[in-house]
Amino acid sequence: MITFHVDRADSVPAYAQLIRQVREALRMGLLHPGDQLPTVRSVVTSCTVNPSTVLKAYRELELAGLVEARQGAGTFVSGTLGDADPHVMARLRSGLARWLSQAREAGLEAEDVQALIASVIAEDSLRRAQAGDGAPQAEPAARAAFGKKGDAA
């Protein structure tokens, strides 16, 4: 089961943070169809958010076809995102963690890292659009952080 966290310092609304966490867990293969999301009450308690915040997030996820609410039973994952090989994702994640350590040692803060990654993704997307490359959009971030062979940059 996923454990939510809400960063009050983040400019992203709490409900959107919850949505993002579910979407990321689906992409990473941490959540699968049939898995149950935490109850609204448990998210309210653990994240100290209003119940309407959690309900809004769950409702948005339901409208996106990613979860379904079952009366009296809870909210369950019903959809998937991405189809990357879990072993490849784990290898890339490990490389990204090493890269992040190097970035931190170089003095980069979280916003610096995010800006750097966003700029590389944008450049890669532009290059692909100009080249007419129809490759999947899930790959640019991984390629940006790891050379073509999957090694940390």
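Our subject is the structure listed above.
What counts as what
Residues numbered from 1 in each chain as written. Predicted model: local features only at pLDDT ≥ 70, side-chain atom pairs only at ≥ 80, totals over all residues. Heavy atoms only, no water. Helix = DSSP H or I, 4+ residues; strand = E, 2+ residues; numbered from the N terminus. Contact = heavy atoms within 4.5 Å. Areas by Shrake-Rupley, 256 points an atom, 1.4 Å probe, with all protein chains shown as cover. Buried < 20%, exposed > 50% of the residue type's maximum accessible area, 1.4 Å probe, protein only. Salt bridge = Lys/Arg side-chain N within 4 Å of Asp/Glu carboxyl O. Core = buried A, V, L, I, M, F, W, Y, C linked by side-chain atoms within 4.5 Å. Phe/Tyr/Trp six-rings, centres within 6.5 Å; stacked < 30°, edge-to-face > 60°. Lys NZ or Arg CZ within 6 Å of the ring centre and 35° of its normal. Pairing = 2+ DSSP bridges.

Asks: Is there a simple way to explain the overall build of the protein in this structure?
Replies: Helices and strands together make up the secondary structure of the protein, namely six helices and two strands. When the helices and strands of the protein are listed from N to C terminus, the series reads α-α-α-β-β-α-α-α. Of the contacts made within the protein by residues no fewer than 6 positions apart, 48% connect residues no fewer than 24 positions apart. Total accessible area on the protein is roughly 9,900 Å²; 54% of this is exposed by carbon and sulfur atoms.

Asks: Got a minute to help me understand the environment of Arg104 in this structure?
Replies: Here Arg104 shows up in helix 4 (residues 86-105). Judged by its relative accessible area of 44%, Arg104 is partly exposed. Those residues within four positions of Arg104 in sequence are excluded, and the remaining contacts are Glu109 and Ala110.

Asks: What's the story with the pattern of salt bridges in this structure? I'm lost.
Replies: Side-chain pairs of opposite charge can arise whenever the charged atoms involved come near each other. Counted by the stated rule, this structure contains five salt bridges. Note that Arg70 and Glu68 form a salt bridge whose closest N and O atoms lie 3.0 Å from each other. Look at Glu68 and you get partly exposed, because its relative accessible area is 33%. Measuring nitrogen to oxygen at the nearest pair gives 2.9 Å for the salt bridge that ties Asp124 to Arg128. Taken together, the residues span about one helical turn, with Asp124 and Arg128 both in helix 5 (residues 110-131) at a distance of four residues. Judged by relative accessible area, Arg128 falls into the buried class, the value being 2%. Salt bridges linked by common partners bring Asp10, Arg20 and Glu24 together as one network.

Asks: Whenever I open this one, the nonpolar core confuses me. Can you help?
Replies: Looking at soluble globular proteins, one finds that nonpolar side chains tend to be buried together. Membership of the largest hydrophobic core comes to 23 residues, with the highest contact counts inside it found for Phe4, Val22, Leu31, Leu37, Val43 and Tyr58. Every element with two or more residues in this core is listed here: helix 1 (14-28), helix 2 (40-47) and helix 3 (51-63). Looking at this core element by element, the count peaks at six residues for helix 1. Not counting chain neighbours up to four residues away, the residues in contact with Tyr58 comprise Phe4, Leu37, Pro38, Val40, Val43, Val67 and Thr75.

Asks: Sorry, what's going on with the packing of aromatic side chains here?
Replies: When we look at a pair of aromatic rings, we describe it by the centre distance and by the angle of the planes. What the rule picks out here adds up to one aromatic pair. Here the basic side chain of Lys56 rests over the ring of Tyr15, its NZ or CZ set 4.0 Å away from the ring centre. Taking NZ or CZ as reference, Arg70 lies 4.0 Å from the ring centre of Phe76, over its face.

Asks: Whenever I open this one, the pairing of strand 2 (residues 74-77) confuses me. Can you help?
Replies: The sheet contact formed by strand 1 (residues 67-70) and strand 2 spans four bridges and is antiparallel. Paired with Ala69 across the two strands is Thr75, which belongs to strand 2. Between strand 1 and strand 2, which pair antiparallel in sequence order, lie three residues; one of them, Gly72, sits at a positive phi of approximately 80°.

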